[in-house]
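Structural description and commentary
Chain residues, written in single-letter form:
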Amino acid sequence: MAFTLYSLIQTAILCTNAVAVLHEERFLSKIGWGVDQGIGGFGDDPGIKAQILNLIRSVRTVMRVPLIIVNSACIVLLLLFG
Amino acid sequence: MDYTADQSGFRQQPTMRLRNYSAEGPDASQLFEDTSGVGSASQSGLRNQQAGPQSSGFAGQSLLSEPMSNLAMAYGSSLASQGREMVDKNLDRFIPISKLKYYFAVDTVYVGRKLGLLVFPYMHENWEVSYQQDTPVAPRFDVNAPDLYIPAMGFITYVLVAGLALGTQNRFSPELLGVQASSALVWLIMEVLAVLLSLYLVTVNTDLTTIDLLAFSGYKYVGMIVGVVAGLLFGRPGYYLSLLWCCAAIFVFMIRTLRLKLLSEAVAEGKLVRGARNQLRMYLTMSIAAAQPVFMYWLTYHLIR
C-alpha cells in the first residue's frame, strides 16, 4: 500500500475532526460517556474507560481552535488546487 | 505511592530517572570524544589562502590585504556565529538535539553486538539497562540500551534494498524509492502513535520515551533487510525461511526488552502475579511484540516475486 506523508496528514485531520464533533449533550451523555459520568475514581488505577473519556474531553478542548484554522486552510487549498 | 503521578496516567519521564542533558562540556566527553582541533587549523588555512593570491600578483586580489576588508571579515564571521547560535537555540526547542545525541553515541562493537542480538536473542541473559547515578548509560557502554543509529541506517538500507529488489524484477523507477521511503515512514509513525496511545490507555508508569519507542520500532528493519536479501539470493524459500527466523527473533527480543520496562518488577522476574492490571500489561507487551512480525511481512512481501 503506497502511503504518503500527505495521506498521513489527511488521516490525522479527519480523525481529529471526528473526535471534535462528538457532541457533549446530545451524544456522549446519552451513551454514558459524559464529562460527569466518567472520572470517578481517584484511586490507583483510572481504568481504560476513564482514560478514553479523558482523552476525548481533552482533545475536544485543546484542538477546537486549531482545528478551525486547519480546516479553513484545507478548504481554501482544496478549492484552489483541487 | 505517588498518587499525583499515577493520576496523570502515562508519564513519560518520572523524576526518578532523568536523562542528564544539561552541560555540553562533561557530557560531550562522556558521550563522544572531543576530536576538535579548531581555531588554529582554520586560521592557518586562511593565511595560506591569502598568501597565495598575493604572490600571483592579480590587482583585484589586493582587496584582501586592506584593513577595511579585515574588519568586514571579522564582522561577517561574528554575524555568522550569532546566526548559528540563534538557529541552534530555536531548533533545540522543536527537536531535542541534546537528547538525540545520546541515542547516537554508539561504536562498532556495540553495533555488532546489537545486530547479533537482533537476529539471535536466545542466549542473552541480562536484559537490564544499566544506570549510572540515575541516568542511563550511553549505548556505547551497554548493549541493552536503545539507540537510533541502527534504526536510521536500517531504514535507509531497507529503502535501497527495496529499490534493488524492484530493479531485479524490472519494476524500478526512481520515484518508487521515494514511495517506498514515505510508505515505510508512515507505517512507522502510525505504529509509534498506536503504541503511545495504548500505553496511555493502560496507564503504564514507565520511563519509555517516544524516542525509545521509535528506536524499538526501528529495529525490525534489520530483519526485513535480511529477509529481502535472502529472497534475492535464494528465491522465495530463502525469503520465507529467513523472514520466519527474523520474525521469531524480533518477537523474543521485543518481549524480553519490553518486559522489564512495562511490567512490574515482580512479574518481570518470572513470578506469576495475578490481577487485571498485570494481565492487561502482559497483553499489551504481547501485542506490541506481535505487531512487529506483521509489519515485517507487510512491508516486504511485495518485493519478492
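Within an unreviewed UniProt entry, the label attached to chain B reads Protein YIF1, and the organism entered is Myripristis murdjan. The UniProt entry for chain B carries the following text under Sequence similarities (unreviewed entry): "Belongs to the YIF1 family."

As annotated in an unreviewed UniProt entry, chain A is Immediate early response 3-interacting protein 1 from Myripristis murdjan. In UniProt, chain A has this text filed under Sequence similarities (unreviewed entry): "Belongs to the YOS1 family." Listed under Subcellular location (unreviewed entry) in UniProt, the entry text for chain A is "Membrane".

A word on the overall build of chain A
Regarding its fold elements, chain A presents 4 helices and 0 strands. Each helix and strand of chain A, placed in order from N terminus to C terminus, yields the pattern α-α-α-α. Relative to its 82 residues, chain A shows a buried fraction of 17%. Partitioning the contacts of chain A with sequence separation of at least 6, the portion at a separation of at least 24 is 51%. Carbon and sulfur atoms make up 72% of the accessible area of chain A, which amounts to about 5800 Å² in all.

Some points on the overall build of chain B
Scanning chain B for helices and strands turns up 12 helices and 2 strands. In chain B, the order of α-helices and β-strands from amino to carboxyl end is α-α-α-α-α-α-β-β-α-α-α-α-α-α. For chain B, with 305 residues in total, the buried portion stands at 38%. Of the roughly 17500 Å² of accessible surface on chain B, a fraction of 64% belongs to carbon and sulfur atoms.

As for the pattern of salt bridges
The final tally for this structure, using the stated rule, is 2 salt bridges over all chains. A salt bridge links A:Arg60 to A:Glu24, with the shortest nitrogen-to-oxygen separation between them at 3.3 Å. Here A:Arg60, found in helix α4 (residues 48-81), pairs with A:Glu24, found in helix α2 (residues 24-28); they are 36 residues apart in sequence, far enough to count as distant. Here B:Glu191 makes a salt bridge to B:Lys220, at a shortest N to O gap of 2.7 Å. Taken together, the residues span a long stretch of sequence, with B:Glu191 in helix α8 (residues 174-201) and B:Lys220 in helix α10 (residues 220-262) at a distance of 29 residues. Pair check on accessibility: B:Glu191 and B:Lys220 agree, each one buried.

Regarding a nonpolar patch on the surface
A contiguous nonpolar patch, built from A:Leu5, B:Leu185, B:Ile189 and B:Leu193 and spanning about 300 Å² of accessible area, is present on the exposed surface. Broken down by element, the residue count for the nonpolar patch peaks at 3 residues, all from α8(B). With respect to the helices and strands, the residue B:Leu193 is situated in helix α8.

Thoughts on the packing of helix α1 (residues 5-20) of chain A against α4(A)
All names here are of chain A. Contact pair α1 / α4: the axes reach a minimum separation of 8 Å and the direction vectors enclose 125°. Accordingly, the angle class assigned to the pair α1 and α4 is oblique. Where α1 crosses over α4, the two elements pack in a sense that is left-handed. Here α1 contributes Ile 13, Thr 16, Asn 17, Val 19 and Ala 20 to the contact with α4, which in turn contributes Ile 56, Val 59, Arg 60, Met 63, Leu 67, Val 70, Asn 71 and Cys 74. Among the residues forming the contact of α1 with α4, the class breakdown is 9 nonpolar, 3 polar and 1 charged.

Concerning the confidence of the model for chain B
Caution applies to low-pLDDT parts of the model: their predicted coordinates are not meant to be read in detail. Residues and elements named next belong to chain B. Chain-level statistics for chain B give a pLDDT mean of 78 and a share of 74% at 70 or above. Mean pLDDT in chain B bottoms out at helix α1 (residues 3-7), which sits at 44, and peaks at helix α7 (residues 149-168), which reaches 93. Here residues 1-18 scores under 50 on pLDDT; set against residues more than four positions off or in separate chains, the count is 37 contacts. Below a pLDDT of 50 lies the segment residues 39-57, which in the model reaches 6 contacts outside its immediate sequence neighbourhood of four places, other chains included. The ipTM, which scores confidence in the relative placement of chains, is 0.84 for this predicted complex, and the corresponding pTM is 0.73.

Some details on the UniProt feature "transmembrane region" (unreviewed entry) in chain A
Residues given the UniProt feature "transmembrane region" (unreviewed entry) here are residues 63-81 of chain A. Helix makes up 100% of residues 63-81 of chain A and strand makes up 0%, while its end C-alpha atoms are separated by 26 Å.

As for the UniProt feature "transmembrane region" (unreviewed entry) in chain B
Residues and elements named next belong to chain B. The UniProt entry lists residues 148-167, 179-201, 213-233, 239-259 and 280-299 under the feature "transmembrane region" (unreviewed entry), expressed in the numbering used here. Note that residues 239-259 is 100% helix and 0% strand, and that its end C-alpha atoms are spaced 29 Å apart. The distance from the first to the last C-alpha atom of residues 280-299 is 28 Å, and the span holds 100% helix and 0% strand.

What counts, and where the lines are drawn
- Residues numbered from 1 in each chain as written.
- Chains lettered and ligands numbered in written order.
- Predicted model: local features only at pLDDT ≥ 70, side-chain atom pairs only at ≥ 80, totals over all residues.
- Heavy atoms only, no water.
- UniProt positions renumbered as here; feature names shortened; annotations may be inferred.
- Helix = DSSP H or I, 4+ residues; strand = E, 2+ residues; numbered from the N terminus.
- Buried < 20%, exposed > 50% of the residue type's maximum accessible area, 1.4 Å probe, protein only.
- Contact = heavy atoms within 4.5 Å.
- Areas by Shrake-Rupley, 256 points an atom, 1.4 Å probe, with all protein chains shown as cover.
- Salt bridge = Lys/Arg side-chain N within 4 Å of Asp/Glu carboxyl O.
- Patch = residues over 30% accessible without salt bridge, like charges linked within 9 Å, V, L, I, M, F, W, Y side chains within 5 Å.
- Axes fitted to C-alpha atoms, helices over the stretch in contact; angles between N-to-C directions.
- Parallel < 35°, antiparallel > 145°, perpendicular 65-115°, else oblique.
- Left-handed = near helix turned anticlockwise from the far one by under 90°.
- Nonpolar A, V, L, I, M, F, W, Y, C, P; charged D, E, K, R; others polar.
- pLDDT = per-residue confidence, 0-100.

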